[in-house]
Amino acid sequence: KWIWNTKDAAKSAPPGKVYFRHEFVLKGDPASAATIVAADNQFDLYVNGRKIASGDLWSKPTAIDLKPYLVKGKNVIAAIAENTTDQPNPAGFFLHSEVRFSHGSAKPVEINSNNSWKWSDGPADGWTTLAFDDSKWTKAQKIAEVTGEPWHLSALLPQNVSNEQPPEIRAALCAADPLTTALGRPTRDQVVTERPDDATTLMALELTNGTTLDTI
């Protein structure tokens, strides 16, 4: 969900900063945490007290792996989201994270911006850390779906953030395409320990005119 501190923010919100927090528990050691963050107009993102990312263009969401900053047990994500214009206009904050665990059978966990997050109109000492008490903060307002107006963010998100995909894919199980063939991918019945270093004309043609890269 897109969130803000007022329910009509997708239509209009006054200029200014909103401070968001969300605490959660991970029952295992994270192996990856692919995360997408966007804000209209800009944001600073913190995980367990450390500032790790910023962004100022909602139409190009920021992608980051939170794994180095998360721990088994309690965690907190905090963000400063700012409507930077000089007059009221749409404002919002969006975050989606998919945490996968070192133990392959453990079910991935999604962390999403929604009304379980809390907000304040001003910072306080230690507000980005777990030690902070946010019991007096207010629940965030859900203002739009990921498909909602005015952002239609779902059309801008990468398509590889999905619980339906396995955490690892063996290259041998993937079909060859013209690009991998041009770059010297051997067939499965060949044992190859090294490949030529020199570029070929086929490589150059595929990299410049091939359809594989053109469709990505």
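Analysis parameters
- Residue positions are given per chain, counted from 1 along the sequence in the order it is written.
- It should be noted that, the model being predicted, local features are given only for residues of pLDDT at least 70 and side-chain atom pairs only at 80 or more, the latter also being counted only at that level, while totals for whole chains, interfaces and linings use all residues.
- The side-chain quantities take in all heavy atoms of the structure and omit both hydrogens and water.
- Put simply, a salt bridge is a Lys or Arg side-chain nitrogen that is within 4 Å of an Asp or Glu carboxyl oxygen.
- Labels follow the DSSP assignment, with helices taken as runs of H or I lasting at least four residues and strands as runs of E lasting at least two, numbered in each case from the N terminus.
- For the exposure calls, accessible area comes from a 1.4 Å probe over protein chains only, and a residue counts as buried if that area is under 20% of its type's maximum, exposed if over 50%, partly exposed in between.
- Within this analysis, patches are made of residues with over 30% relative accessible area and no salt bridge. Like charges are joined at 9 Å or less; nonpolar side chains (Val, Leu, Ile, Met, Phe, Trp, Tyr) at 5 Å or less.
- All accessible-area figures derive from a Shrake-Rupley calculation using a 1.4 Å probe, and residue coverage is judged against the displayed protein chains alone.
- To qualify as a nonpolar core, a set must consist of buried Ala, Val, Leu, Ile, Met, Phe, Trp, Tyr and Cys residues joined through side-chain atoms within 4.5 Å.
- Contacts: residue pairs with any heavy atoms within 4.5 Å of one another.
- Only when DSSP finds a minimum of two bridges between them are two strands counted as paired.

### Quick notes on the pattern of salt bridges
Note on pairing: side chains with opposite charge can pair once their charged atoms come close.
Thought 1: All told, the structure shown has 7 salt bridges when counted by the stated rule.
Thought 2: Between E145 and K1 there is a salt bridge, with the nearest N and O atoms lying 2.5 Å from each other. Linking E145 in the loop between β12 (141–144) and α1 (178–182) with K1 in the segment before β1 (2–4), this pair joins segments that are 144 residues apart in sequence.
Thought 3: A relative accessible area of 43% places E145 in the partly exposed class.
Thought 4: For K1, a relative accessible area of 29% translates into the label partly exposed.
Thought 5: A salt bridge links K74 to E23; the nearest nitrogen and oxygen atoms lie 3.9 Å apart. One end of the pair, K74, is in strand β7 (residues 73–83); the other, E23, is in strand β2 (residues 16–26), with 51 residues separating them in the sequence.

### What about a nonpolar patch on the surface?
Thought 1: Together, L183, L207 and L213 give the surface a local cluster of nonpolar side chains, amounting to about 250 Å² of exposed area.
Thought 2: Note that L183 resides in the loop between α1 and α2 (201–209).

### Comments concerning the nonpolar core
Thought 1: One finds W4, F20, L45, L66, I77 and F93 to be the most contacted residues of the largest nonpolar core, which totals 41 residues.
Thought 2: Elements with a minimum of two residues in this core: β1, β2, β3 (30–40), β4 (42–47), β5 (50–55), β7, β8 (92–101) and β12.
Thought 3: Residues in contact with I77, not counting those within four places in the same chain, are F20, R21, H22, F24, L45, Y46, V47, L66, L95, I111 and W117.
Thought 4: Membership of the second largest hydrophobic core comes to 7 residues, among which are Y19, Y46, A78 and I80.

### Brief notes about the sheet that holds strand β11 (residues 138–139)
Thought 1: In space, the 6 strands of this open sheet follow the order β5-β4-β7-β2-β10-β11, with antiparallel pairing throughout. One side of each edge strand has no neighbouring strand; the edge strands of this open sheet are β5 and β11.
Thought 2: Note that strand β10 (residues 118–120) and β11 share 2 bridges and pair antiparallel. Considered in β11, the bridge of W119 is made with T138.

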